[in-house]
Amino acid sequence: MIKFFYIIVACFTFISSSVHANLAYITNEKDNTVSVIDIKKKKVIKTVKVGQRPRGIIMSKDGKLVLICASDDDRVEVRDAETMKLKYHLPSGPDPELFILSPDDSTLYIANEDDAMVTVVDMNDKMIIDDIPVGVEPEGMGLTNNGKILVNTSETTNMAHFINAETLEIVENVLVDARPRVAMFTPNDKEVWVSAEIGGTVKVINPNSKEVTHTIGFEIPGVNEESIQPVGVRHTKDGKYTFVALGPANRIAVVDQKTKKVIKYLLVGQRVWQLAFTPDQKTLLSTNGVSNDVSFINVDKLKVEKSIKVGRFPWGVVISPQ
Amino acid sequence: MRAKVFLIISIFISFSLSFVIEARELSIQQLEERKKADKERKKEREKRGAKEFQKEVTLTTDIIFISKERETPPVLSNLDPILEDEGFYGVKLAIEDNLTTGRFLGHDYKVEFHRILLEENLEIEFKKLLKQGKKIFVVDLNEDELLSLMKIPEIDDVLIFNVRAKNDSLRNENCRKNFFHIPPSYSILSDALTQYLVKKKWKKWFLVTGPDKNDQIYSDALKSSAKKFNVKIKEEKIWNFTADLRRTAGKEVPIFTKGSKYDVLVVADEDGEFGEYLAYRTWDPRPIVGTQGLKPNSWHRTHEQWGATQMQNRFRRESGRWMTEVDYHSWTAVRAIGETITRIQVNDVDEMRKYLLGEKFGLGAYKGVKVSFRSWNGQLRQPILLAAPRSMVSVSPQEGYIHPVSELDTLGKDQPESTCKF
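Residues numbered from 1 in each chain as written. Chains lettered and ligands numbered in written order. Predicted model: local features only at pLDDT ≥ 70, side-chain atom pairs only at ≥ 80, totals over all residues.

**What to know about the overall build of chain B**
The secondary structure content of chain B amounts to eleven helices and 14 strands. Relative to its full complement of 422 residues, chain B shows a buried share of 43%. (Helix = DSSP H or I, 4+ residues; strand = E, 2+ residues; numbered from the N terminus. Buried ≥ 20, exposed ≤ 12 C-beta atoms within 10 Å, placed from the backbone.)

Given below as structure tokens:
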């Protein structure tokens, strides 16, 4: 009996000590699980069962909550980041795919792929405040630092919708290339980059004039043009690099954030989709859907350091802020 | 105490069991729930007085969908219902997609559905529509019907999107510069299948061809694919039994297939008159491919990659049934029209034709890569799904078949082989 007690204590200390480590949370679309990775050790420390077809995953700014789009359950799960226990569900429209929290964590904007709406949820009341009709199959969600401009991309309509986050009304619609997946503001909010999976490009849009200022294309020797499918986009805070995940090209493009020129291609796992930085921005993680692994990239050296196995079809990734 | 634990465990098990069962059957049930939820949300939205973004309409495009009433053929398999609304929901969904995009650009789309009845004459009805000034047509017609349309002199001034006929002749000797072909041709389908069989090293074929004209055409396409990819046709037979196979297949098929050495039985039976009855009855244990068994398709209900799940869900929610190939072709045709107008901002027939056949055109159509039109014959370039009735097996073109322009052009007749001249 006493021995048993010790084991419990030991488990407890292990869990609480792991909280301070940097953790990455990976949604495995086909397994209905989330893999929790200890970034320092580069190891999966926990696999948690979650709702059906988990895709988008984010965390609250304080790192206490993990939010998961359970696409086939038509709802968003809110879990305790420490224990990964389900705290409550948030309502969403059908088939939530990607979402974003306002800077003060009070409002959640969800792209509902199945019904052409961006759903706005009040995080305190846990209620839907509004639905904003957008294009068909909305997906990418980008927000400025001050939380005033929301950009949503729609995959079939091929547009970036600029939404005033206060009035929740569409201000402007910008045509981009086929199947836009991710919208990401640069750290200074002066540009928003939109990746187009089928179009094979990234469009850089000026959020004030709503004009496309650059179109970034990708060419990789030995890789056919059709398999270059840009999805995940992440900017370094220092304004130096932008990383673009190229899907079945199995590579991440490193783009000069200022000149918009491709510097390098990093070979990672198969069908690389989403990306996330560690808080110090020294490491970038990528989810490789077909090879079922996550790659660790050293941002200073621009080198892939390691890949580790996770569940089936890893889709989204988020890293704890502390 | 122990009993209580057991009770809890059994409750837990039955709970999780019921959850599993529910999860499996979510299809119809969940779709119904979503439909209901959609309606409620719409009501709430209206209550809140939420506005939709709507730019003033500056461009309106009319699209005409034409289908034809047909005499239902006697089928041996009574599993699948005969659909009278093929194409309808595909057009409907695509129009909704176009309208959503159009709302942001000031583009409006209108669609008319015309069904030509058995006692009506297609050419006469079509001429009426031409007289009304209609310009853009999506047509669910077969080869002969399309050929009869080509005889109308004014036909050159409109755009025709073929969503049913797979015949190679329409893309070659009988091609027209304003006819676009969404379905993969028989030669594209046979190449897609052959590439996979070659990859499997199943290079000895027993080819069985049905009695219909299209069976013969498909069979010819399979023979040219065999030649192209160096496959040997060891045995070739025509199926001309007239008996109802439901009761006699067990006796007929073994004798029919006895005595040949082959890897796969390749069947060309478009209407499913006998093909379904070959499996498990051949003399030697051999897989069936072609129009039955492993089949090359443009769309299939097992397809779920590249966002196809969304399309399948949206379609089923709308129609209450699975999306067929003709539905998918109709969706693609109307989306291609919408995509063109979105990009060039006009709906002039000549401008549209140029854009559709040009290099800039590309459409996301749930196939992993963009689909586009071959500039030399108006055929849609697309990956082909190789599917068994309940599982997706592979997608062609297969790895390793390379092409200077697009790997999709390793399927079917490429530009140098094409006899089409615009």
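**Quick notes on the overall build of chain A**
Per the secondary structure count, chain A includes one helix and 28 strands. A compact globule built from 322 residues should have a C-alpha radius of gyration of about 20 Å, and chain A, at 19 Å, falls within 12% of that. Out of the 322 residues belonging to chain A, those deemed buried represent 54%. Within chain A, contacts between residues separated by at least 24 positions form 41% of all contacts whose residues are at least 6 apart in sequence. (Rg over C-alpha atoms; globule rule 2.2 N^0.38 Å. Contact = placed C-beta atoms within 7 Å.)

**Focus: the pairing of strand β27 (residues 303-309) of chain A**
Consecutive residues of a regular strand have side chains that alternate between opposite faces of the sheet. All names here are of chain A. Burial within β27 is sparse, with just zero of its seven residues counted as buried. Sheet analysis places strand β26 (residues 293-298) next to β27, joined by six bridges and oriented antiparallel. Residue pairing across strands places Ser295 opposite Ser307, the latter belonging to β27. Where β26 hands over to β27, the hairpin turn is made up of four residues, of which Leu302 adopts a positive phi near 50°. (Pairing = 2+ DSSP bridges.)

**Description of the sheet that holds strand β5 (residues 179-181) of chain B**
Residue and element names in this part refer to chain B. Within the open sheet, the five strands sit side by side as β2-β1-β3-β4-β5. Their pairing is parallel. Each end of this open sheet is capped by a strand with a single partner; those strands are β2 (107-116) and β5. Neighbour-to-neighbour, the strand axes of this sheet turn through a mean angle of 20°, independent of strand direction. Here strand β3 (residues 136-140) pairs with strand β4 (residues 159-162) via four bridges, running parallel. Pairing of Phe137 across the sheet is with Ile160, part of β4. (Axes fitted to C-alpha atoms, helices over the stretch in contact; angles between N-to-C directions.)

**Quick notes on the sheet that holds strand β25 (residues 283-288) of chain A**
Backbone hydrogen bonds are what pair the strands of a sheet, in a parallel or an antiparallel way. All names here are of chain A. Taken in spatial order, the four strands line up as β24-β25-β26-β27 in an open sheet, and their pairing is antiparallel. Across the chains shown, the open sheet's two edge strands, defined by having one partner strand only, are β24 (272-277) and β27. Between one strand and the next, the sheet's axes are offset by a mean angle of 25°, whatever the strand orientation.

**Comments concerning the interface of chain A and chain B**
If you look at the interface, chain A gives 27 residues, while chain B gives 27 residues. Listed by contribution, the elements that provide at least two residues to the side of chain A that touches chain B are β11 (127-133) and β15 (169-175) of chain A. When residues in the side of chain A that touches chain B are grouped by element, the largest group, four residues, is from β15 of chain A. For the side of chain A that touches chain B, the class distribution of residues is nine nonpolar, eight polar and ten charged. (Nonpolar A, V, L, I, M, F, W, Y, C, P; charged D, E, K, R; others polar.)

**Observations concerning the pairing of strand β2 (residues 33-38) of chain A**
All names here are of chain A. Of all the six residues making up β2, five are buried; the element is thus mostly covered by neighbouring parts of the structure. Relative to β2, strand β1 (residues 23-28) runs antiparallel, the two being bridged by six bridges. Each residue of the ladder has a partner; that of Asn28, found in β2, is Thr33. Across six bridges, β2 lies against strand β3 (residues 43-49) in antiparallel orientation.

**Structural notes on the nonpolar core**
Where a protein is soluble and globular, its nonpolar side chains tend to be buried together. Judged by nonpolar contacts, the single largest core of 189 residues is most densely connected at Phe99 and Ile252 of chain A together with Phe137, Val138 and Phe161 of chain B. Broken down by element, the residue count for this core peaks at eight residues, all from helix α10 (residues 325-344) of chain B. Here this core gathers at least three residues from each of two domains, domain 1 (59-184 + 299-382) and domain 2 (187-297) of chain B. Residues contacting Phe99 of chain A, with those up to four places away along its chain left out, are Gly56, Ile58, Leu67, Cys69, Val76, Leu108, Tyr109, Ile110, Ala111 and Met141 of chain A. (Core = buried A, V, L, I, M, F, W, Y, C linked by C-beta atoms within 7 Å. Domains from an automatic or database assignment.)

**Focus: the environment of Tyr88 of chain A**
Residues and elements named next belong to chain A. Mapped onto the elements of the fold, Tyr88 is located in strand β7 (residues 86-91). Looking at Tyr88, the number of C-beta atoms within 10 Å reads 11, which means it is exposed. Between the alpha carbons of Tyr88 and Glu77 there is a distance of 6.4 Å; along the sequence they are eleven residues apart. Excluding anything up to four places from it in sequence, Tyr88 contacts Val78 and Lys126.

**Details of the packing of helix α3 (residues 88-105) of chain B against helix α9 (residues 308-319) of chain B**
Residues and elements named next belong to chain B. Across the interface, α3 lies against α9 with an axial gap of 10 Å and an inter-helix angle of 115°. Comparing their axes, α9 and α3 come out roughly perpendicular. Handedness of the crossing formed by α3 with α9: right-handed. In this structure, α3 uses Tyr89, Lys92 and Leu93 to contact α9, whose residues at the interface are Arg314, Phe315, Glu318 and Ser319. Partitioned by chemical class, the residues of the contact of α3 with α9 number three nonpolar, one polar and three charged. (Parallel < 35°, antiparallel > 145°, perpendicular 65-115°, else oblique. Left-handed = near helix turned anticlockwise from the far one by under 90°.)

**A look at the confidence of the model for chain B**
Residue and element names in this part refer to chain B. In this model, chain B carries an average pLDDT of 88, and 88% of its residues clear a pLDDT of 70 or more. Across residues 1-26, confidence stays below pLDDT 50; counting only partners more than four residues off in sequence or on other chains, it has one contact. Reported for the predicted complex are a pTM of 0.85 and an ipTM of 0.78. (pLDDT = per-residue confidence, 0-100.)

**Observations regarding the environment of Asn206 of chain A**
Residues and elements named next belong to chain A. Its place among the elements puts Asn206 in strand β18 (residues 201-206). C-alpha separation for the pair Asn206 and Ala196, spaced ten residues apart in sequence, amounts to 17 Å. Look past the residues within four positions of Asn206 in its chain and what remains in contact with it is Glu191, Glu211 and Thr213.

**Some words on the environment of Glu197 of chain A**
Residue and element names in this part refer to chain A. Relative to the helices and strands, Glu197 is located in the loop between β17 (192-196) and β18. Taking the number of C-beta atoms within 10 Å as the measure of exposure, Glu197 has 28 and is therefore buried. In sequence terms Glu197 and Ala245 are 48 residues apart; their C-alpha atoms lie 9.9 Å from each other.

**Quick look at the confidence of the model for chain A**
The pLDDT averaged across chain A works out to 91; a share of 93% of its residues lies at or above 70. Contacts of residues 9-19 of chain A to residues separated by more than four positions or lying in other chains number three contacts, the stretch itself having pLDDT below 50.

**Structural notes on the packing of helix α6 (residues 186-199) of chain B against helix α7 (residues 213-228) of chain B**
Residue and element names in this part refer to chain B. Running from N to C, α6 and α7 cross one another at 45°; their axes reach a closest spacing of 8 Å. Taken together, the axis directions place α6 and α7 in an arrangement best described as oblique. Pair α6 / α7 crosses with right-handed handedness. Residues Tyr186, Ser187, Ser190, Asp191 and Thr194 of α6 form the contact with α7, whose own contacting residues are Ile217, Tyr218, Ala221, Leu222, Ser224, Ser225, Ala226 and Lys228.

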